[in-house]
Amino acid sequence: MDTGLNGKTVVVIGAARGIGRAVADAFLDEGCDVIAADADPSVLKQSRQRVTGKVIDVTNLQQVELLASESGDVSHVVFTVAVGSGHYGFPFWNVPPVEWARVLEVNLMGAVHVAHAFAPLLASRGDGSLLFYVSVAGQIGSQTDPPYSASKAALINFTQCAGKDLASSGVRVNAIAPGMVKTDLNQAVWESSRGGAPDQQGQTYEQWAAEKIRRVSPLGRWQELDEIAATTVFLASDAARNITGQTINIDGGQVMHS
Ligand SMILES: NC(=O)c1ccc[n+]([C@@H]2O[C@H](COP(=O)([O-])OP(=O)(O)OC[C@H]3O[C@@H](n4cnc5c(N)ncnc54)[C@H](O)[C@@H]3O)[C@@H](O)[C@H]2O)c1
């Protein structure tokens, strides 16, 4: 399939590791120029051609605006940044209200900053896309980490608002909701569960994940980084030119929309 992405500039924010890094690699494979941004300075060490690392904190609007102003003729922006509260949030009063602020600041306000900084650039081009990473947690009232779930639910809603606002400019806005992907963030959920869930004491990460996948996933397996990255490329490609305002689940059937 010709994705129409060859030679396009793509900004991936959250690209130092995990899903963001796999997404950046997938766009490089398509012949894109990639700007890989992250708060982690390891993003500056890139071994491939056509990728430029940038260190930014998405909670800082000025830094995000500077990134946008230095990104040239950008066609697609992918936001994969997220943090959890670090608490096991079941019941919700296990997470002190003060802990909500940081999660919402990074996961929601970071995405809002990115939308504010990049939407005018994309709109002036008259095409391209914004893509936000959300989560099944934002669709099912997941009790594991309520601030994280709420931040993702809000971002799903903002994806629809921004999709409507930008449609007349020819810019599409979509979201991807993964289920279970083996990354640092996923392992952090297990670590915080160990502190709070009596039935999970003594389980290794692999045991915890296998049990959870068996319980929640009809297809019964992890979602792999290459599967997630391939759908991200598809949503940016010409083949997805009639898709906007959508949240696409890559979750083995964990959440099924009617
Ligand atoms: N891994 C999963 O199972 C899973 C499931 C559902 C949704 N997701 C979503 O997928 C996306 C990627 O998750 P992941 O598992 O790759 O996470 P990860 O923790 O491996 O990567 C997140 C990246 O965001 C960066 N980051 C954190 N705070 C930042 C800030 N303030 N400014 C800039 N960068 C910052 C980190 O340095 C890191 O490189 C997230 O939005 C997450 O919510 C992941």
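Residues numbered from 1 in each chain as written. Predicted model: local features only at pLDDT ≥ 70, side-chain atom pairs only at ≥ 80, totals over all residues. Heavy atoms only, no water.

- An unreviewed UniProt entry lists the protein under the name 3-oxoacyl-[acyl-carrier-protein] reductase FabG, from Rubripirellula lacrimiformis.
- The annotation that UniProt attaches to the protein under Sequence similarities (unreviewed entry) is "Belongs to the short-chain dehydrogenases/reductases (SDR) family." (UniProt positions renumbered as here; feature names shortened; annotations may be inferred.)

1. A word on the overall build of the protein
And then number 1: A tally of regular secondary structure across the protein gives seven helices and seven strands.
And then number 2: Counting helices and strands in the order they occur from the N terminus, the protein gives β-α-β-β-α-β-α-β-α-β-α-α-α-β.
And then number 3: Relative to its length of 258 residues, the protein is compact, with a C-alpha radius of gyration of 18 Å against a globular reference of 18 Å.
And then number 4: Seen through its principal axes, the protein has C-alpha atoms that stretch 55 × 40 × 40 Å.
And then number 5: Put simply, the protein has 258 residues, and 51% of those count as buried.
And then number 6: Expressed as a percentage of contacts within the protein between residues at least 6 apart in sequence, the contacts between residues at least 24 apart total 69%.
And then number 7: Taken as a whole, the protein presents about 11900 Å² of accessible surface, with 52% of it coming from carbon and sulfur.
And then number 8: Side chains of the protein give 19 positive and 26 negative charges; the mean places of these two sets differ by 2 Å. (Helix = DSSP H or I, 4+ residues; strand = E, 2+ residues; numbered from the N terminus. Rg over C-alpha atoms; globule rule 2.2 N^0.38 Å. Buried < 20%, exposed > 50% of the residue type's maximum accessible area, 1.4 Å probe, protein only. Contact = heavy atoms within 4.5 Å. Areas by Shrake-Rupley, 256 points an atom, 1.4 Å probe, with all protein chains shown as cover. Lys, Arg positive; Asp, Glu negative; His and termini not counted. Charge placed at Lys NZ, Arg CZ, Asp CG, Glu CD.)

2. Digging into the pattern of salt bridges
And then number 1: For the structure on display, the rule yields twelve salt bridges.
And then number 2: Here Asp29 and Arg48 are joined by a salt bridge, their closest N and O atoms 2.7 Å apart. A residue pair is termed long-range when its members are at least 10 positions apart, and Asp29 in helix α1 (residues 18-29) and Arg48 in the loop between β2 (33-38) and β3 (51-55) qualify at 19 residues.
And then number 3: The class for Asp29 is exposed, based on a relative accessible area of 56%.
And then number 4: Since its relative accessible area comes to 34%, Arg48 is described here as partly exposed.
And then number 5: Residues Arg125 and Asp73 are paired through a salt bridge, measuring 2.6 Å at the closest nitrogen-oxygen approach. Of this pair, Arg125 sits in helix α3 (residues 100-125) while Asp73 sits in the loop between α2 (61-69) and β4 (74-79), placing them 52 residues apart in sequence.
And then number 6: Take Arg125: its relative accessible area is 28%, and that puts it in the partly exposed class. (Salt bridge = Lys/Arg side-chain N within 4 Å of Asp/Glu carboxyl O.)

3. Quick word on the nonpolar core
And then number 1: Membership of the largest hydrophobic core comes to 32 residues, with the highest contact counts inside it found for Ile13, Val77, Phe118 and Leu130.
And then number 2: Taken together, the elements giving at least two residues each to this core come down to β1 (9-13), β2, α2, β4, α3, β5 (129-133), α4 (146-167) and β6 (172-178).
And then number 3: Once you skip the residues sitting within four places of it in the chain, Leu130 turns out to touch Val77, Val114, Ala115, Leu122, Leu166, Arg172, Val173 and Asn174.
And then number 4: Ranked by size, the runner-up nonpolar core spans 29 residues in total, among them Leu5, Leu28, Val181 and Val233. (Core = buried A, V, L, I, M, F, W, Y, C linked by side-chain atoms within 4.5 Å.)

4. Structural notes on the packing of α1 against helix α7 (residues 225-236)
And then number 1: Direction vectors running N to C along α1 and α7 enclose 55°, while the axes themselves pass 9 Å from each other. Classified by the angle between their axes, α1 and α7 sit oblique to one another. Considering how the two elements wind past one another, α1 and α7 form a crossing that is right-handed. Across the interface between the two elements, Gly18, Ile19, Ala22, Val23, Ala26 and Phe27 of α1 pack against Leu225, Ile228, Ala229, Thr232, Val233 and Ala236 of α7.
And then number 2: Its residues placed into classes, the contact of α1 with α7 shows ten nonpolar, two polar and no charged. (Axes fitted to C-alpha atoms, helices over the stretch in contact; angles between N-to-C directions. Parallel < 35°, antiparallel > 145°, perpendicular 65-115°, else oblique. Left-handed = near helix turned anticlockwise from the far one by under 90°. Nonpolar A, V, L, I, M, F, W, Y, C, P; charged D, E, K, R; others polar.)

5. A closer look at the pairing of β1
And then number 1: Within β1, five of the five residues are buried, which leaves the element mostly enclosed by the surrounding structure.
And then number 2: Of the two faces of β1, the one carrying Thr9, Val11 and Ile13 and the one carrying Val10 and Val12 are both buried.
And then number 3: The sheet contact formed by β1 and β2 spans five bridges and is parallel. The residue of β2 that forms the bridge with Val12 is Ala36.
And then number 4: Chirality of the crossover, the property in question, places the unit of β1, α1 and β2 among those that are right-handed.
And then number 5: Of the pairings in the sheet, the one linking β1 to β4 comprises five bridges and is parallel in character. The residue bridging Ile13 from the neighbouring strand is Phe79, located in β4. (Pairing = 2+ DSSP bridges. Right-handed = clockwise from strand over helix to strand, strands pointing away.)

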